[in-house]
Amino acid sequence: MEVRKNVMVLAEVRHRTIHNITFEMLTWGRILADKLKTALTCVLIGTDQENFNELMEWGADRLLVLNNSRPDNFLITPAASLLVSIVREEQPDIVIAPATTFGRTIMPIAAARLDTGLTADCTGLGIDPKDQLLLQTRPAIGGNIMATIKTTHTKPQMATVRPRSIKPVKPVNGRQGKLLFKNYTISEKYQEKLISFIRSGGDGINLENADIVITGGIGMRSKENFRLLEKLAGLTGAGLGATRNAVEAGWAPFARQIGLTGKTVSPKVYIAAGVSGKIQHLAGMITSEFVIAINDDPEAQMFKVADLGIVGDAPTIVNKLIEAVNVTDSKYVGGELEVNG
C-alpha cells in the first residue's frame with residue numbers, strides 16, 4: 001500500500017476567529033510530522049481574518065485556506081465536502097481534528113465519503129516505529145481500558161483528539177510557511193441553506209479555560225454538602241466540576257461533568273474533593289498541572305495521580321478551606337451543612 005507521509009490538521013473557526021483548540025491540534029500534528037520527517041499542513045475552512053502567519057508560528061509548514069468566506073453559523077454538509085476535496089487533492093497520510101462539536105460532526109462524514117476509518121475522541125497519538133502507522137489511543141469499554149488503534153488498510157488515517165489532551169507548544173515568532181488559497185465548487189447535492197439559528201442555553205460554565213478547577217465526587221455525600229464546593233469556587237474564582245456519579249445524583253448539571261463522557265480540563269490547579277479517581281474521570285483531567293486530592297480513603301486512585309493528597313472527610317476539609325479564606329459563615333457539623341445568611 002502506498003504510504004503518503006503527510007500530516008494534515010483541521011483548524012477550528014468560531015465566530016470568524018481561529019479557536020485556541022487549533023493550537024493544540026497543531027502541537028499534536030507537529031509531533032507526528034517530525035516523527036515521520038514530513039511537512040505539517042493546516043486546513044482552514046473559510047475565515048475573513050488575515051492573520052494567517054499565526055498558524056505558521058504555531059507549527060504549520062503549509063496553510064490551505066478553503067473558500068475564503070463563510071457565515072458564523074457552521075453548515076456541515078458543504079464544509080465536509082470542502083474537506084473531502086482537499087484530502088483527495090493533497091492525499092495526506094494522516095488527518096486529525098479536535099473532538100469538539102465541529103470535529104465530531106465533520107470528520108465522520110468525511111471519513112465515510114473517503115471510505116476510510118476514523119478513531120474518535122483520542123487522548124493520545126503516536127507513530128509506530130515499525131510500520132510508520134498512526135497510533136491512536138482512546139478510552140474503551142466504558143473507559144475501563146485504554147485502547148491503541150491502528151488503521152492498517154485504508155488511507156488517510158483519521159482521528160479526532162480530545163481538547164486539553166496536550167499542552168500547546170510556544171509559538172515561534174517570525175516562523176514562516178506557505179500560504180495557499182483553494183476554491184472548490186460544491187455539488188448541489190451537498191448544498192445547505194440556513195433557515196434559522198438558535199443558540200442553546202446553559203449556565204455560563206467555561207471549565208475548559210479555568211486556571212483553577214474544583215471538582216466534587218460522591219464522597220461529598222449530599223447535595224447540601226456539594227454546595228460547599230460552590231462557595232469555595234466562588235471565593236477562589238475557580239471553575240466548579242463534578243464527577244459522573246455526582247451529576248447522576250442530581251448534585252450538579254451535566255455541563256459540569258468532567259471525564260470520559262463529559263468535559264476535558266487542564267487547569268493550573270485541580271482540586272478533587274471526594275473523588276475516587278476512576279479512569280473515566282482521570283481521562284478528563286490528567287493533563288492538569290498540579291492536582292490536590294481530598295478523600296477519606298487512603299487507597300483512593302485519585303491519590304496516585306495527585307501532587308498533594310489530604311486524607312480525611314471531604315466536606316469537613318472543604319469547609320476548613322472556606323473558613324481559611326475567612327469570607328463565609330457556613331459550617332459543617334456531624335454530616336449536616338448549616339448555612340447562615
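All of these numbers come straight from a predicted model, not from anything done at the bench.

A. Region of interest: the pattern of salt bridges. Considering all chains together, one arrives at 12 salt bridges under this definition. What emerges from the salt-bridge pattern is a single network uniting Arg30, Asp34, Asp61 and Arg175.

B. Structural detail: the environment of Leu66. You can see Leu66 is positioned in strand E5 (residues 62-66). Overall, the relative accessible area of 0% leaves Leu66 in the buried class. A sequence separation of 23 residues divides Leu66 from Val43, and the C-alpha atoms of the two residues are 7.4 Å apart. Filtering out sequence-adjacent residues up to four positions away, Leu66 remains in contact with Val43, Leu44, Ile45, Gly46, Leu82, Leu83, Ile86, Lys182 and Tyr184.

C. Structural detail: the side chain of Thr137. Structurally, Thr137 is set in strand E9 (residues 134-140). Within the structure, Thr137 has its side chain in polar contact with the side chain of Thr148 (distance 3.1 Å). When sequence neighbours within four positions are dropped, the list of residues in contact with Thr137 reads Cys122, Thr123, Gly124, Met146, Ala147 and Thr148.

D. Representation of the packing of helix H5 (residues 223-236) against helix H9 (residues 314-325) within the structure. In contact at an axis separation of 9 Å, H5 and H9 are set at 30° when each is read in the N-to-C sense. On the basis of their axis angle, the class for H5 and H9 is roughly parallel. For the element pair H5 and H9, the recorded crossing hand is left-handed. Of the residues in H9, those in contact with Asn225, Leu228, Leu229, Lys231, Leu232 and Leu235 of H5 are Pro315, Val318, Asn319, Leu321, Ile322 and Val325. A class-by-class count of the residues in the contact of H5 with H9 yields 9 nonpolar, 2 polar and 1 charged.

E. Geometry of the sheet that holds strand E7 (residues 118-122). The sheet built from 7 strands is open, its strands ordered E7-E11-E6-E1-E4-E5-E12 with parallel pairing. For this open sheet the edge positions go to E7 and strand E12 (178-182), each flanked by a neighbour on one side alone. Ignoring strand direction, the axes of neighbouring strands in this sheet form an average angle of 20°. Here 5 bridges tie E5 to E12, and the two strands are oriented parallel to one another. If you follow Leu63 over to E12, its bridge partner there is Leu179.

F. Quick peek at helix H3 (residues 76-90). End to end, H3 covers 21 Å across 15 residues, agreeing with the expected 21 Å (1.5 Å per residue, within 8%). Listed as buried for H3 are Ile76, Thr77, Pro78, Ala79, Ala80, Ser81, Leu82, Leu83, Val84, Ile86, Val87 and Glu90.

G. Highlighting the packing of aromatic side chains. Applying the stated criterion to the full structure yields 3 aromatic pairs. For the ring pair Phe23 and Trp58, a centre distance of 4.2 Å and an interplane angle of 10° mean the geometry is stacked. Placement of Phe23 in helix H1 (residues 21-36) and of Trp58 in the loop between helix H2 (53-57) and E5 is noted, with a sequence separation of 35 residues between them. Taking the relative accessible area as the measure of exposure, Trp58 reaches 16% and is therefore buried. Where Phe52 meets Phe181, the ring centres are 5.8 Å apart and the plane angle is 75°; that geometry is what we call edge-to-face. With a gap of 129 residues between them, Phe52 in the loop between strand E4 (40-45) and H2 and Phe181 in strand E12 connect regions that are remote in the sequence. Its relative accessible area of 7% is what places Phe52 among the buried residues.

Here is what the cut-offs are and how they apply
Residues numbered from 1 in each chain as written. Predicted model: local features only at pLDDT ≥ 70, side-chain atom pairs only at ≥ 80, totals over all residues. Heavy atoms only, no water. Salt bridge = Lys/Arg side-chain N within 4 Å of Asp/Glu carboxyl O. Helix = DSSP H or I, 4+ residues; strand = E, 2+ residues; numbered from the N terminus. Buried < 20%, exposed > 50% of the residue type's maximum accessible area, 1.4 Å probe, protein only. Contact = heavy atoms within 4.5 Å. Polar contact = N/O pair within 3.5 Å; in protein donor to acceptor, adjacent residues only side chain to side chain. Axes fitted to C-alpha atoms, helices over the stretch in contact; angles between N-to-C directions. Parallel < 35°, antiparallel > 145°, perpendicular 65-115°, else oblique. Left-handed = near helix turned anticlockwise from the far one by under 90°. Nonpolar A, V, L, I, M, F, W, Y, C, P; charged D, E, K, R; others polar. Pairing = 2+ DSSP bridges. Expected span 1.5 Å × (residues − 1). Phe/Tyr/Trp six-rings, centres within 6.5 Å; stacked < 30°, edge-to-face > 60°.

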